[in-house]
Amino acid sequence: LAHTDEKTDAGIRIPRDRLQGYVEAIFRAAGSDPDEARIVAAHLVEANLAGHDSHGVMRVYKYVDWVKAGQVVPNRHATVVADRGAMLLVDGNFGYGQVIGREAMTLAAERAKANGFAVVSIRNAGHLGRIGAWAEQLAAAGLASFHFVNTSGFGILVAPHGGSDRRLSANPLAAGVPVAGGKPLILDIATSVVAEGKIQVTKNKGEQLAPGLVIDGAGRPTTDPAAFYASPPGAIFPFGGHKGSGLSFMSEVLAGSLSGGWASNPASPTAGRLVNNMLSLAFDPAAFGGSDFFAEDVKRLTGWTRASPPIEPGGAVLLPGELEDKTRTERERDGIPIDRETFARIAAAGESVGVAAPK
Ligand SMILES: NC(=O)c1ccc[n+]([C@@H]2O[C@H](COP(=O)([O-])OP(=O)(O)OC[C@H]3O[C@@H](n4cnc5c(N)ncnc54)[C@H](O)[C@@H]3O)[C@@H](O)[C@H]2O)c1
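Calculation notes
- Each residue is numbered by its place in its chain's sequence as written, counting from 1.
- Local features in a predicted model are, by the rule used here, given only for residues with pLDDT of at least 70; side-chain atom pairs are given and counted only at 80 or more, and totals for whole chains, interfaces and linings are based on all residues.
- Hydrogens and water molecules were not included; the side-chain quantities draw on all heavy atoms of the structure.
- By salt bridge we mean one thing: a side-chain nitrogen of Lys or Arg within 4 Å of a carboxyl oxygen of Asp or Glu.
- Helix and strand labels come from DSSP, where a helix needs a run of H or I of at least four residues and a strand needs a run of E of at least two; each type is numbered from the N terminus.
- Relative accessible area decides the class of each residue, using a 1.4 Å probe on protein chains only: under 20% of the type maximum gives buried, over 50% gives exposed, and in between gives partly exposed.
- Expected helix span is computed as 1.5 Å times (number of residues minus one).
- Directions drawn from the helix axis to the C-beta atoms are what define this arc.
- By definition, residues are in contact when any of their heavy atoms lie within 4.5 Å.
- Polar contact is defined as a pair of N or O atoms within 3.5 Å, subject to the rule that within protein one atom must be able to donate a hydrogen and the other to accept it, and that residues adjacent in sequence are counted only when both atoms are side-chain atoms.
- Side-chain atoms within 4.5 Å link the members of a nonpolar core, which is a set of buried Ala, Val, Leu, Ile, Met, Phe, Trp, Tyr and Cys residues.
- Strands were regarded as paired on the criterion that DSSP finds at least two bridges between them.

Student: Got a minute to help me understand the pattern of salt bridges in this structure?
Tutor: Side chains bearing opposite charge may pair, as long as their charged atoms lie close to each other. Overall, the coordinates contain 16 salt bridges when judged by the stated rule. Across the pair Glu 332 and Arg 16 runs a salt bridge whose closest N-O atoms are separated by 2.6 Å. Taken together, the positions of Glu 332 in helix α10 (residues 322-334) and Arg 16 in helix α1 (residues 16-29) put the pair 316 residues apart, joining distant regions of the chain. Owing to a relative accessible area of 29%, Arg 16 belongs among the partly exposed residues under this scheme. Note that Glu 341 and Arg 345 form a salt bridge whose closest N and O atoms lie 2.9 Å from each other.

Structure (structure tokens):
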């Protein structure tokens, strides 16, 4: 299903800056100070540019609802709860994840530069959005990184391998590698076979899902996105059977249990709100085998991997992040596609806080 988001038949294309300005205005009207509105809007627009529409401006109407319900609190900042030098525990205080994540990654970069590595554990952040953004922030500081994420309480969506209902969260993993003189390599995947937002996008477009992604509320395979949102709700499969299921379980522990932010549990204190927890590991190549060796070896590995003859005629080996780079280039040029249902929902959210939709 990845990148079916690019189908734009029933939609419109909006230039990046125009979309950013509009979304920023909505967040300001919903109570965010100008910096926060800009940071949240930029993160969402950047997700659309990367092709991850499920984590793009489609989130505006949910975020506005959450703010109105007090589930996300504007203008909150990350606070350091424990500090052991290379290890930090940060509380997000239920603020926007885009702000909390950015502040926590700034701390991670400082500590990794000072100590050679850093471990930053974040709890109680609002939705951290596209997790690849955090690997990109660290890669821009010259650091390699790995990120484990879970969602406590609300956001339980995935059936464990062998199970037939929702027990685990989508629990994304991201990793980033800085590339000397080039774009960073960014792996950014949910441990569910598909991200929940992509099911929402498919439903908004009135399309069917590919087979093998979800089961309905009775545990039967289905391609109907509406069956996933019915009552009782369906569940998403983990990717790769027991392997994705096992990684997802460990993400729950490393992101949720370790931080004090809770693993997926309908009885958690955060059950009614979407809370992301994240464990971020940042590494300064200079402190390990050396920056020059790292840069050269990544270059060797990249060339070696890419040189594999395509398995299909006209195909190519893509490295982590390359598909997003390609989509970013196209969308910077042609505008960001948004289906009409999604745009109508964003417009309604904007109007509910007094921001008129652009023509
Ligand atoms: N905040 C949250 O709680 C949360 C939860 C789930 C997902 N997400 C986000 O949802 C987004 C989508 O996740 P997803 O699992 O649907 O992503 P996806 O299936 O599109 O996979 C994306 C990753 O796979 C790589 N990739 C894609 N096609 C490739 C190919 N043909 N060859 C080689 N590599 C390829 C991409 O470069 C990227 O690293 C991510 O940004 C993720 O962080 C967030």
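Student: Would you take a moment to explain helix α11 (residues 340-352) for this structure?
Tutor: Along an α-helix, a turn takes 3.6 residues, which lines up residues three or four apart on a common side. With 13 residues, α11 should reach 18 Å at 1.5 Å per residue; the first-to-last C-alpha distance of 18 Å fits that figure. Every buried residue belonging to α11 is among Thr 342, Phe 343, Ile 346, Ala 347, Ala 349 and Gly 350, and all of these are buried. The buried residues of α11 occupy an angular sector of 160° when projected down its axis, which confines them to one face. Exposed side of α11, more than 90 degrees from the buried face: Arg 340 and Glu 351 are the residues found there. Close packing links the buried residues of α11 with β1 (11-14), α1, α3 (60-68), α6 (196-204) and β12 (336-339). Looking at where α11 begins, the residue whose side-chain oxygen comes 3.2 Å from the main-chain nitrogen of Glu 341 is Asp 339. Residue Gly 354 follows α11 closely and has a positive phi angle near 90°.

Student: So what exactly am I meant to see when it comes to the nonpolar core here?
Tutor: Here is a general trend for soluble globular proteins: nonpolar side chains tend to be buried in one another's company. If you look at the biggest cluster of nonpolar residues, it comprises 33 residues, and the most contacted ones within it are Leu 19, Phe 27, Val 57, Val 60 and Tyr 96. Sorting the residues of this core by element identifies α1, α2 (34-49), α3, β12 and α11 as the ones contributing at least two each. With 7 residues, α2 is the single largest residue contributor to this core. What Val 57 contacts, discounting residues up to four positions off in sequence, is Leu 19, Val 23, Leu 44, Val 45, Asn 48, Ile 338 and Ile 346. Residues Leu 107, Ala 118, Leu 138 and Val 149 belong to the second largest nonpolar core, which totals 23 residues.

Student: Help me out: how do you make sense of the pairing of strand β11 (residues 274-283) in this one?
Tutor: Moving residue by residue along a regular strand, the side chains alternate between the two faces of the sheet. Counted residue by residue, β11 has 8 buried out of 10 residues, so it is predominantly covered. Where strand β4 (residues 117-125) meets β11, 7 bridges bridge the pair, whose relative direction is antiparallel. Paired with Phe 117 across the bridge in β11 is Phe 283.

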